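Residues per chain are reported as follows:
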Amino acid sequence: MPKFHIAFLCFLVLYSAKKSAQVRVATTSHSTPSVNQVRECVRQWSKQLGKELYELSSTMTRKAKLQKSFNKLKDKIHYEVERTLLRTITQKLKNTIKKKVDAVANIAEYAEFLAFHRKTNYSVVNGVNGSDYLDPNAFFFYNADNITNTTCDCDKEKDLEDEIREMKCIWFCEQKDLPDQNPLPHNSFTKKKIEDMFGPVCDCSQHISKRPSENYNLLPLKPHPNFDTPVNFNLSVVRIVANVFAKEQEVMQGAKWTAPLDMVFKENLAKDPTLKYQYFASPLGYMRHFPAVKWSDERYAQTYDPRTRSWYTEAMTSPKDIIILLDSSGSVLQLKRKVAAHIVNNILDTLNDNDFVNIYLFANSTRPLVPCFKDTLVQANEENLRLLRETLDNYKPTFQAEIETGLAKAFTLLKEMRQKKVGSECNQAIMLITEEAFFRKDQKEFFMKYNWNDSTPVRVFTYLLEKNEGDAHLLEWVACSNKGYFVNISLSQEAREKVLSYLNVMSRPLNKAHKDNPKREEFIWSYLYIDLADRRYTNWLWRKVEGNRQRSVFLDHAKREFHRLKKVLANYSHFLLQENHDYEKYGNEMNYDYMTTVSLPVFSRKPEDVDIIGVAGVDIPLKLLMSLIPHHTIGVNGYAFIVTNNGYILMHPGHRREFNNIPKPTFNRVDLLEVEILDDTSKPREFGERIVEMRKNIVLQKLNSLADDVLNVKQALDDHKRIILTRRRYVYMKLVPAFTVGIALPDKYGNMVVDIKNVTGFEKSLLNTKNWTVHPDWVYCPDDSGAEPEEIVKRCLRQNQKNNTSNNLFTNRLTRYNKFSISTEEPLLKALLFDAEETKWFEEDIPNEDFFVRKFLVDNVFMATHSGLVRWKTCHPEKYEDVVDDDEGKGKKEYFRGNRSIDEDWYQRVVEENIDRNDDVFIYSVPFEISGYEYNTMITSTNAIFVTAEGKKSPVAAVGVQFNHRKMSVLYDEITKKCKGPNGQRMCACNANFVLCFILDNNAYIILGSQIEYTGRFIGDVSPIITHQLIRNGVYKRIEMYDYQAICQKPPEAKKKNAGTRVVTFVRTLLENLLRITDWAFATILLLLSSVTAGPEYQSAKNETVLYEKLEINKTVPTPCDKAMWLFTLAEDFKPFAYANTSSKEGCNWYYVVERIPHSNLLFMATNYNCEGDNLSKLQSHNETPTPVEIDYPDDLPCHIATHNNYTRRFYGDSCYNNTSDEDNLNLNRYYCGHTWEP
């Protein structure tokens, strides 16, 4: 094109732009309505919209009728005193817990009895077996890893009955020759008790034939609702840890002498049908587990070792301070460094919340592995342990190791801890890991100076990485002279067994103190954990999830390539044709069994034994504790909570244990301060004095005064997108020595008791209606079937009808126990029946229903009550207009009501928003951040039902309706496109004359507006400058909220640090990403490699390789972090407002007008803002939005918490067992401190 043509076109473009600007300015100056005109229009529109919405909501929800129904409760409501309510809850929890405590005491006592009377002559001396030696080829037991489920084999079930009968006889005959009186002092198992427990006396003279070995590989297992895997209640199984040989003589002997524990396991279960798992774990690496299960083949389950669980390690030793000294000399490289890291990780695995730890590197000087942990010990919670593990590979080797330097630092630091009375204030130990050992000075003088002169010396455990006899002798002497233990570890697979020896040594003072008269009161309570899950379970699961993501990316590419190249797949087994694969289960929703465990050490009562012989344990599921809480009495926005002696959450509704259906890495380290957020202006982790003082009293189990613990708090709802500000009362008291239970109640309502006397005939209100649910976690009727909650309620009501006991509904209740509780909640079921009776009309036709369904495409109406009842009515809008519900751009219909009644966010919000109002206000909302163009997007309108009794306003129900957003948008457009003045002249319209309109909810989210694509968006994301003025003029209140339980997806540390230099080949990349994703991955690798090696066109194959490398997803590690966000709420004293701006940088004047929409939480806002360049810098820097942003602390989060949030903790044990004089004499025999070679 000639240059003059180009110049001419440019002239035309510039001229057109200039003329358009002139027209725009002229239009602005002559056609823009005044602020007063817009204000009058907004008033008219708000009034009309409010009328339309109120007529729709009040008519369809039938709120007035519902209010009339629930007004019958006025004379049936009274209010429980907070302390009285808490005592009732506490006693109920204690009664249940006592059964678990009695069960574990029964296991421990019988285990001590069996151990005391066990045969021990099984050693091999000079090639001759002892009289009690077990032939590995002739002794068999049920191994949890090897059994096969034979549920359908009826013959096997009959054989099992005979087998159990014979085993009982064998066990009895082994114990029949006991003395008549006190077979074991201070033990309740007497000869008579044994005879009673075993039932009819066996004929011990009769020969009992041995069972075939294959019998022990077959076991019928059946599903049960209390358990997540099939079980057998007739016997237990033995689980042996992966690194222990099942045919070891000591393991087989243990399996033999613990077998009669089945008798107390079954006895415990008969007394308490809610018991979960019961077990006995031995330091030798085996665990007897009841009921019998087939152990999972999953990798994390196979690595399970009970000896690293807190219920075991805490029972074995009193709390401890541990300093790990790690040799960082230049010669500790490659394999040695790997072994050293393995030792450290195994030590860390044995620590728990009541222990304290630090790792110091030593060479010719010492330095902490984590710099911010300098000169201190940190609590061994999962957050700190995680940081220590992740930092373990990041240090650089330096110089030659001088163990004197490291030991001197450790002894000095531990002495400071004792003097300051910080840390565990009990056991102290040093774990010395080195490849060589020498002292520059006399070692006896060294230990005399640093350790031996103290009344309670520090234990020293030594771990040698090199097989050197001279170093071994020295380190053995160090360990034996300081009440420790020496081991030589040169292979990683040796580490676990040899490291765990230190627990046995530290158990000796505890065993000595209870050897002659064991105490049964010092129970151990574990922190919250997931059954069978390893500490690194989260990372393991996350790798599976990312593996699935990577598979989808590669598979999609491979399919497209086959399609593009028109290849034909002749084999139906080809991986591209497989619809399912093994790892898909990790993408499914999973239910995790959260629990705490109560345990007791099993003491060795034989004179020659010095170590504890095992630990007995009983699981207590978190769901069981939650099912015992009378949630309906506490009421909406109130709750019960349980806090540990360390201030961590065991049970709390604000405790978010999972993300993306995966347990958070540190879910069991959430502090009370991190879920109860004060309504103040403090900076992150600067907790207010009042909440800190309350936490201290809770941890110390001090009774509080109600006046002291009434706090203003802020609570986030809807995934931290909304906020409510409220005032709560807290009361609390001791539950068990390790746990404190409390309740939090709204200051203005709560603790409502509904006294329903007569529910005769009310069953029909549920049995004869269809659309209803009940709260899935509440116990209405006892039942153990595992059926849906609604079906359980129906069974209970039908049974009542059959018994014809209408005058007393609960006289002949079902006898089967519930999945989590055997206690029937009579008041709850009566309240449910009353609510059902008073709302049985809910499914009936609504007056003018067709009119409103046609006009608004009303989809459904719903209600929920304080008793957990949820009802709904479907309105069938498809009768009037095609309603599409598909995945092709028209949206998915969102059902809003849920089935958790008062625990649903919408219920909690509508009650809190209306509790102080006297007018009738409906709360409207839409899904967040949708486009607005989806056809089936719903607007939800809700309202609360209150009853005033004894001068107090109480929420008893909530009601709502869902209607079509697009239909409402059409009505909105019709209303806002016209506005006439007093003389009938047209004044303005939305989306014209530069007037933009938005309907905002009380949290500043857009419900409707001129630009439909902004539906569900925060107004600040659309117009930050207008939002700034809304806050400045007092329309909205801006509140900073913190999320202390957030998860940030961060790249792996090693990858971050080496990204600039690390080169990953294609094959290595695929192996890292795919090898763990079952057989299809291997097939894919082979396919790709064959394309590289077998094809003649190497360049093409190389290009394909590069393409797959580009398709590699960015791997992340889920990392705990803190996040901050700004949330907004409508100011309480807000009034209609008009703001006019006359200071625009662009020379244009603009304004906005806001008006409340009557009977709603909505705000009508109109603005003519069109100054595109005005305050542009503010627009670009605006970040005070609901979008969560990670808080950047100067140090890593664990460092910040350890140094700034080190609040009160309490050791809940009665005594500290850390020393016994007998150990000095004991260690004269080097066998007891690690000597393994011949002199």
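The sections below set out a description of the structure shown in this document. (Residues numbered from 1 in each chain as written. Predicted model: local features only at pLDDT ≥ 70, side-chain atom pairs only at ≥ 80, totals over all residues. Heavy atoms only, no water.)

**Digging into the nonpolar core**
For step 1, the next point in the chain: Core analysis: the biggest nonpolar cluster contains 170 residues, and Y110, I324, I343, V357, I433, Y463 and W525 have the highest contact counts within it.
For step 2, the next point in the chain: Per element, the largest residue contribution to this core is 16 residues, and it comes from helix α4 (residues 82-116).
For step 3, the next point in the chain: Other than its neighbours up to four places away in sequence, Y110 contacts Q175, F189, I194, M197, F198, P260, L261 and V264.
For step 4, the next point in the chain: In terms of nonpolar packing, the next biggest core, distinct from the first, is built from 93 residues, V754, V793, W841 and L1162 among them. (Core = buried A, V, L, I, M, F, W, Y, C linked by side-chain atoms within 4.5 Å. Buried < 20%, exposed > 50% of the residue type's maximum accessible area, 1.4 Å probe, protein only. Helix = DSSP H or I, 4+ residues; strand = E, 2+ residues; numbered from the N terminus. Contact = heavy atoms within 4.5 Å.)

**Details of the sheet that holds strand β37 (residues 1117-1130)**
For step 1, the next point in the chain: With antiparallel pairing, the 3 strands of this open sheet are ordered in space as β36-β37-β41. The sheet is open, and its two borders are formed by β36 (1036-1050) and β41 (1189-1190), each paired with just one other strand.
For step 2, the next point in the chain: The pairing of β37 with β41 spans 2 bridges and is antiparallel. In the strand pairing of β41, A1124 is matched with V1189. (Pairing = 2+ DSSP bridges.)

**Focus on helix α19 (residues 537-564)**
For step 1, the next point in the chain: Across its 28 residues, α19 extends 41 Å between first and last C-alpha, which sits within 8% of the 40 Å expected from 1.5 Å per residue.
For step 2, the next point in the chain: Phi turns positive one or two residues past the end of α19, at K566, with a value near 60 degrees. (Expected span 1.5 Å × (residues − 1).)

**Re the pattern of salt bridges**
For step 1, the next point in the chain: Per the counting criterion, the structure on display carries 58 salt bridges.
For step 2, the next point in the chain: The partner of R728 in a salt bridge is E676, with the nearest N and O atoms 3.8 Å apart. One end of the pair, R728, is in strand β25 (residues 722-736); the other, E676, is in the loop between β23 (662-663) and α22 (689-699), with 52 residues separating them in the sequence.
For step 3, the next point in the chain: The buried category is assigned to R728, whose relative accessible area is 5%.
For step 4, the next point in the chain: Between E791 and R795 there is a salt bridge, with the nearest N and O atoms lying 3.9 Å from each other. With E791 and R795 both in helix α24 (residues 789-803) and 4 residues apart, the pair spans about one turn of that helix. (Salt bridge = Lys/Arg side-chain N within 4 Å of Asp/Glu carboxyl O.)

**Examining the pairing of strand β10 (residues 356-362)**
For step 1, the next point in the chain: The element β10 is extensively covered by neighbouring structure, given that 7 of its 7 residues are classed as buried.
For step 2, the next point in the chain: Covered by surrounding structure in β10 are F356, N358, Y360 and F362 together with V357, I359 and L361, the residues of both alternating faces.
For step 3, the next point in the chain: Pairing of strand β9 (residues 320-327) with β10 involves 7 bridges; the strand directions are parallel. Each residue of the ladder has a partner; that of I322, found in β10, is V357.
For step 4, the next point in the chain: Each parallel crossover has a hand, and the one from β9 via helix α11 (residues 334-349) to β10 is right-handed.
For step 5, the next point in the chain: Two strands pair when backbone bridges link them, and β10 and strand β12 (residues 378-379) are joined in this way by 2 bridges, in the antiparallel orientation. Residue pairing for β12: F356 is matched across the bridge by Q379.
For step 6, the next point in the chain: Pairing geometry for β10 and strand β11 (residues 366-368), over 3 bridges, is antiparallel. Pairing of L361 across the sheet is with R367, part of β11.
For step 7, the next point in the chain: Between the end of β10 and the start of β11, which pair antiparallel, lie 3 residues. (Right-handed = clockwise from strand over helix to strand, strands pointing away.)

**What about the packing of α4 against helix α6 (residues 191-198)?**
For step 1, the next point in the chain: In contact at an axis separation of 13 Å, α4 and α6 are set at 115 degrees when each is read in the N-to-C sense. Classified by the interaxial angle, the pair formed by α4 and α6 is roughly perpendicular. For the element pair α4 and α6, the recorded crossing hand is left-handed. Contact residues: N106, Y110 and F113 in α4; K193, I194, M197 and F198 in α6. (Axes fitted to C-alpha atoms, helices over the stretch in contact; angles between N-to-C directions. Parallel < 35°, antiparallel > 145°, perpendicular 65-115°, else oblique. Left-handed = near helix turned anticlockwise from the far one by under 90°.)

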